[in-house]
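Chain and residue survey
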Amino acid sequence: MRWVRRAGAEALLVSSVPNVRWLTGFTGDDSVLLLAERQALMISDTRYDQQLGEECPELERVIRRAGTTLMEAVVRAVRQCRVGKLAIEGQSLTAADYLELTAKLTGTTVQATSGMVERLRQVKDREELAAIREAIAAAERGFAVLRATLRPEQTEKEVADALEHQLRLLGAEGASFRSIVAVGDRAALPHYRPGGRRVGQGRFMLVDWGARVRGYVSDLTRVVPTSRIPAKLDRLFRVVELAQAQAIRLLRPGAVAEEVDAAARAVIAGAGLGRYFGHGLGHGIGLEVHEGPRLAPGSKAVLRAGMVVTVEPGIYVPGWGGVRLEDDVLITRSGAQVLTTVSRNLAELALF
Ligand code: ZN
Ligand code: ZN
């Protein structure tokens with residue numbers, strides 16, 4: 001609650017689903033948490049009454065009836081807690097909910113905040129780290145099956161679907177996001193959606209995937225050669241590999257995010273390829289695939305032990321294809337530990 005008071009408010013209305021989950025353990029949605037000075041109230045509806053009792057029995061809950069909107073229930077709870085200054089989460093409360101809330105909540109000041117809970121979520125505890133490690137292990141086992149069963153006639157979509165099915169068989173809740181499987185020149189699109197291109201139609205394939213375990217995610221990228229390794233692929237990959245290594249070397253408590261990003265960017269620019277690396281170097285992972293800290297130009301975030309970030313430099317050449325190497329790294333007290341173990345070596349990854 002100290003952090004709510006520091007923001008100048010008496011209570012915080014938590015509406016972001018992952019924030020509610022992180023604070024309470026509740027895995028449902030459509031529910032908000034009112035964190036007041038001496039009280040925490042979960043405001044939900046009848047669908048979640050029993051689940052709330054099971055997942056967070058110590059939490060006081062307000063179950064609204066059909067016919068009462070969520071914001072009407074919030075207004076009642078805010079009055080009950082006698083909150084004069086209410087902070088909301090500006091990035092997750094919808095404009096419609098905000099307008100309804102401010103129209104009905106007379107006598108209370110409503111102020112938008114951002115990132116309060118997200119900042120706390122950046123540093124992972126032991127249980128969260130265990131879940132992330134399991135999410136990485138499931139992703140890596142799924143990838144091993146993908147490589148063992150890959151056929152040239154499979155389409156990108158078929159490969160992605162099979163991979164995600166495999167992740168579930170391996171005990172994950174599912175994929176942490178829609179897997180990217182991009183054959184040949186399609187790999188130049190960093191957020192490509194797998195389509196009808198067949199594995200055998202290109203000389204390599206980019207796979208960006210992850211698993212979700214107990215809510216926590218992993219996020220990896222590998223390039224798999226599906227023919228003799230093209231010279232250009234080999235050359236670009238070496239640059240990306242060096243950029244990633246330089247960045248990982250800088251990861252430690254106290255490091256500034258933009259400086260880590262700059263180190264990788266300098267390697268790619270030094271090879272004359274700077275214009276082909278447009279996105280940030282990496283991001284935190286946890287309950288969400290993209291969370292803080294951002295490793296990107298302009299990001300002043302200071303790294304702390306317990307953060308888990310991706311390091312994913314890439315080079316995307318329109319019309320030719322792209323390479324990206326993405327690993328998940330834990331910031332430790334003395335430096336950093338790469339959590340992902342799947343080979344980065346192109347020759348080792350090559351198939352057919
Ligand atoms: Zn990724
Ligand atoms: Zn990523």
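Residues numbered from 1 in each chain as written. Chains lettered and ligands numbered in written order. Predicted model: local features only at pLDDT ≥ 70, side-chain atom pairs only at ≥ 80, totals over all residues. Heavy atoms only, no water.

Moving on, we get to the side chain of Arg64. The topology assignment puts Arg64 in strand β4 (residues 60-64). A distance of 2.8 Å separates a polar atom in the side chain of Arg64 from the backbone oxygen of Thr68. (Helix = DSSP H or I, 4+ residues; strand = E, 2+ residues; numbered from the N terminus. Polar contact = N/O pair within 3.5 Å; in protein donor to acceptor, adjacent residues only side chain to side chain.)

Between its terminal C-alpha atoms helix α8 (residues 156-169) stretches 20 Å, which fits the 20 Å expected from 14 residues at 1.5 Å a residue. What α8 keeps buried is the set Glu156, Val159, Ala160, Leu163, Glu164, Gln166 and Leu167. Buried residues of α8, viewed axially, fall in a sector of 155°; they line one side. At the C-terminal side of α8, Gly171 shows a positive phi close to 100°. (Expected span 1.5 Å × (residues − 1). Buried < 20%, exposed > 50% of the residue type's maximum accessible area, 1.4 Å probe, protein only. Arc of directions from axis to C-beta.)

With that settled, the discussion passes to the coordination of the zinc ion (ligand 1). Only Asp208 (OD), Asp208 (OD), Asp219 (OD) and Glu326 (OE) from the protein reach the zinc ion (ligand 1) as donors, at distances of 2.0 to 2.5 Å. All donors to the zinc ion (ligand 1) come from one chain, and their sequence spacing reads D-x10-D-x106-E. Separating the zinc ion (ligand 1) from the zinc ion (ligand 2) is a gap of 3.2 Å, bridged by Asp219, which donates to each. With a gap of 107 residues between them, Asp219 in the loop between β11 (216-217) and β12 (220-225) and Glu326 in the loop between β17 (321-324) and β18 (327-331) connect regions that are remote in the sequence. (Donors = N, O, S within 2.8 Å, 3.2 Å for Na, K, Ca; no water.)

Attention now moves to the side chain of Glu156. Its place among the elements puts Glu156 in helix α8. At 2.8 Å, the side chain of Glu156 forms a polar contact with the backbone nitrogen of Gly195. Residues contacting Glu156, with those up to four places away along its chain left out, are Val181, Ala182, Val183, Arg186, Tyr192, Pro194, Gly195, Gly196 and Arg197. (Contact = heavy atoms within 4.5 Å.)

Take helix α4 (residues 70-80) next. Those residues of α4 that fall on the buried side of the exposure criterion are Leu70, Met71, Ala73, Val74, Val75, Ala77 and Val78. Note on α4: the residue one or two positions beyond its end, Arg82, has a positive phi of about 50°.

Relative to each other, helix α9 (residues 231-250) and helix α10 (residues 257-270) sit at 155°, their axes nearing to 8 Å. Overall, the two elements α9 and α10 adopt an arrangement that is roughly antiparallel. The handedness of the crossing between α9 and α10 comes out as right-handed. For the pair α9 and α10, the contacting residues are Val239, Leu242, Ala243, Gln246, Ala247 and Leu250 in the first and Glu259, Val260, Ala263, Ala264, Val267 and Ile268 in the second. Tallied by class, residues from the contact of α9 with α10 come to ten nonpolar, one polar and one charged. (Axes fitted to C-alpha atoms, helices over the stretch in contact; angles between N-to-C directions. Parallel < 35°, antiparallel > 145°, perpendicular 65-115°, else oblique. Left-handed = near helix turned anticlockwise from the far one by under 90°. Nonpolar A, V, L, I, M, F, W, Y, C, P; charged D, E, K, R; others polar.)

Okay, the pattern of salt bridges next. Enumeration over the complete set of coordinates arrives at 24 salt bridges. The partner of Asp185 in a salt bridge is Arg186, with the nearest N and O atoms 3.5 Å apart. The partly exposed category is assigned to Arg186, whose relative accessible area is 26%. Among the ionic pairs, Arg222 bridges to Asp327, the shortest N-O distance being 2.8 Å. Of the two residues, Arg222 sits in strand β12 while Asp327 sits in strand β18, which places them 105 residues apart along the sequence. In the salt-bridge network here, residues are joined through shared partners; they are Asp30, Asp45, Arg47 and Arg64. (Salt bridge = Lys/Arg side-chain N within 4 Å of Asp/Glu carboxyl O.)

Let us look at the nonpolar core. With 39 residues, the main nonpolar core has Leu251, Val260, Leu281, Leu295, Leu303, Val311 and Ile315 as its most contacted residues. Those elements that provide at least two residues to this core are β8 (180-183), β9 (204-209), α9, α10, β15 (308-311), β16 (314-317) and β18. Among the elements that line this core, the one with the most residues is α9, at eight residues. The contact partners of Leu251, leaving out residues within four places of it in the chain, are Val260, Leu295, Leu303, Val309, Val311, Val329, Ile331, Gly335 and Ala336. Counting residues in each nonpolar core, the second largest holds 25 residues, with Ala139, Ala160, Ala172 and Val207 among its members. (Core = buried A, V, L, I, M, F, W, Y, C linked by side-chain atoms within 4.5 Å.)

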